[in-house]
Amino acid sequence: MKILHNAHIHTLDASTPTASVLVIDRERIIAVGGLELLEQFPFAEKIDLGGRFVLPGLTDAHIHMQWYSLGLQKVDCETDTREECLRRVAERAGVTPPGEWILGHGWQQNDWGGGEFPSAAQLDATAPDHPVYLTAKSLHAGWANSAALKLAGITAATVNPENGKILHDVDGNPNGILLETAMELLDDALPAVTLEQVVKAIQAAQSLLWKMGLTGVHDFDQRLCFMAMQVLHQRGDLKLRVTKSIPVELLQQAHELGLRSGFGDDMLQVGSVKVFMDGALGPRTAAMFQPYLNEPDNRGILNMDGEELFEIGRQAVETGLSLAVHAIGDRANHEVLDAFEQMRRYEHEKNLPHFRHRIEHVQILHADDASRLGKLEVIASMQPIHATSDMLAADKFWGERSALAYAWRTQLLNGAVLAFGSDAPVESPNPFLGLHASVTRRRADGTPSPQGWFPEQRLSMLEAWQGFTSGAAYAGGMENRLGKLSAGYYADLIVLEKDPLTCEPDELLKMQSSATMVNGEWVWQA
Ligand SMILES: [Zn+2]
């Protein structure tokens, strides 16, 4: 038994919002209150928190753990100069057995002065004994050395694939730069990722996430990721609470197997069936009612209509699985809401429970649809950091329609539950950056203005925290035991030096957990 005392505890439980003492027995909180608890539990281990602040641990309700974790293993090529990037590659080559691949990500030749693409020869000089392949930050270009080109079978004779380009030097030989679909030629030569690699990568990533204050995730990667999490859990090394989605391509198999949302335990459970309704804002493939600005023929790409989604949803709820549907554009969200409306009727007719269905991203809604998530009890799974990252693109491609883009205040007012996440590695998983974006609608550099982008959508600090705590817990069906610091709830918590509910919002940008507890166990201490 442990007693945390001399702390400013924000329980995020409206009935007892603050306390100074927390009693933990194994994985659960058993009492929350004041000094009287010290006498009540005289034999418990006493931990003096020196007046620091304690809050529930944060959950990232939309992350790609495998993709993010493997990315961390790559050489970080987001450098100010090409020389620094090459130095990092050389450093990695020094600790990598000859012949093994060195992978990296994040370079942008425009940041390196001159704007010229780098060359295979530069990498050959740096790492002559390893195939090296470094993807650009945009993911639209790759930089390979000669050994990598050779393994991929790319020669002077290789023709450009459709929508791709292999760049050449003055002698007509491939110079190491592959654009767009030409990158796939190299991807095919990369060794397949093994389960043990994913296990190790996720295990390493966990500690970074604890430091950021995360104690749980809802993961949207696939089979290998699920297996890796099971391996970690079996070894006793999974110390993040995971809700794991299932790709819709495997709905039939899940149905045959009888797999239901919630199966597993409170550390690793099956979540929702993930379906893609449309594309994204950046490439202008999000499905819209009206065309993109200055592109009168482009309304994006709708993968299926509401009828088709309903058919999928019917099979899912009959099995006992909820749906998590990726929808960015207003048209895509509309079709999803039509399907959910039918599904609610279907659940009612068949005496099924109301499943925890969710829309992933909810990036832009038509005004007529703004209140439908609340009415239909559909969870708005949103990523606050996307709003500030995407605001310029949204203004440019959606124009005035952006007033209902990333509109979390509108969703709250209409009674929808918000579950917040990051979509890492698309964005950093650091939830403090998400909290900052949700209360300021500003980037870290202060743009676009002190009031922020569409400031009427700003949240209070408490509302933003709820998105990453109780809202995420609700989306995972665990709101009666997770997301608050109350008796009977899991002891998933973080300790902070400053009060994140009353600090200046910009202070959130530098915050990190100085101690993180998951399931009653300290997993990280500064
Ligand atoms: Zn995602």
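Above this text sits the structure in question.
Summarised in this report is the structure supplied together with it.

The rules we used
Residues numbered from 1 in each chain as written. Predicted model: local features only at pLDDT ≥ 70, side-chain atom pairs only at ≥ 80, totals over all residues. Heavy atoms only, no water. Helix = DSSP H or I, 4+ residues; strand = E, 2+ residues; numbered from the N terminus. Expected span 1.5 Å × (residues − 1). Buried < 20%, exposed > 50% of the residue type's maximum accessible area, 1.4 Å probe, protein only. Arc of directions from axis to C-beta. Contact = heavy atoms within 4.5 Å. 1 Å grid on protein atoms, 1.4 Å probe; cavity = no way out; pocket = protein on both sides within 12 Å on 5 of 7 lines; lining within 4 Å. Points joined across faces, edges and corners; volume = space filled by probe spheres on them. Nonpolar A, V, L, I, M, F, W, Y, C, P; charged D, E, K, R; others polar. Donors = N, O, S within 2.8 Å, 3.2 Å for Na, K, Ca; no water. Phe/Tyr/Trp six-rings, centres within 6.5 Å; stacked < 30°, edge-to-face > 60°. Lys NZ or Arg CZ within 6 Å of the ring centre and 35° of its normal. Pairing = 2+ DSSP bridges.

### With respect to helix α3 (residues 82-94)
Point 1. Taking 1.5 Å per residue, 13 residues should reach 18 Å; α3 reaches 18 Å between its end C-alpha atoms and fits that length.
Point 2. Along α3, the residues that are buried comprise C85, L86, V89 and A93. Down the axis, α3 shows its buried residues gathered within 95° of arc, on one side only. For α3, the exposed residues lying more than 90 degrees away from the buried face are E91 and G94.
Point 3. Packed against the buried residues of α3 are β9 (75-76), β10 (102-107), α4 (120-126), β11 (132-136) and β12 (141-144).

### Focus on the layout of surface pockets
Point 1. Space inside the second largest pocket adds up to approximately 310 Å³.
Point 2. Around the second largest pocket, the lining comprises 25 residues; the ones closest to its centre are S261, G262, A475, G476 and G477.
Point 3. Listing elements by their share of the lining of the second largest pocket, those giving two or more residues are β15 (214-219), β16 (241-247) and β17 (268-276).
Point 4. Broken down by element, the residue count for the lining of the second largest pocket peaks at 4 residues, all from β17.
Point 5. For the lining of the second largest pocket, the class distribution of residues is 5 nonpolar, 13 polar and 7 charged.

### Here's the deal with the coordination of the zinc ion
Point 1. Coordination of the zinc ion by the protein is provided by H62 (NE2), H64 (NE2) and D423 (OD), with metal-donor distances spanning 2.1 to 2.2 Å.
Point 2. Summarised as a motif, the one-chain spacing of the donors to the zinc ion is H-x1-H-x358-D. With H64 in the loop between β8 (58-63) and α2 (65-73) and D423 in the loop between β21 (418-420) and α15 (431-440), this pair connects stretches of sequence that are 359 residues apart. Just as H64 is buried, D423 falls in that class too.

### Considerations on the packing of aromatic side chains
Point 1. Evaluated as defined, the whole model comprises 10 aromatic pairs.
Point 2. A connected cluster of aromatic rings, assembled from ring pairs, spans W107, W112, F117 and W143.
Point 3. The positively charged end of R241 is found above the aromatic ring belonging to Y490, 3.8 Å away from the centroid.

### Quick notes on the pairing of strand β4 (residues 21-25)
Point 1. Burial analysis of β4 places 4 of its 5 residues in the buried class, which makes it a mostly covered element.
Point 2. Pairing of strand β1 (residues 2-5) with β4 involves 3 bridges; the strand directions are antiparallel. Its bridge partner being in β4, L4 is matched across the sheet by L22.
Point 3. Here β4 runs beside strand β5 (residues 28-33); their pairing, made up of 5 bridges, is antiparallel.

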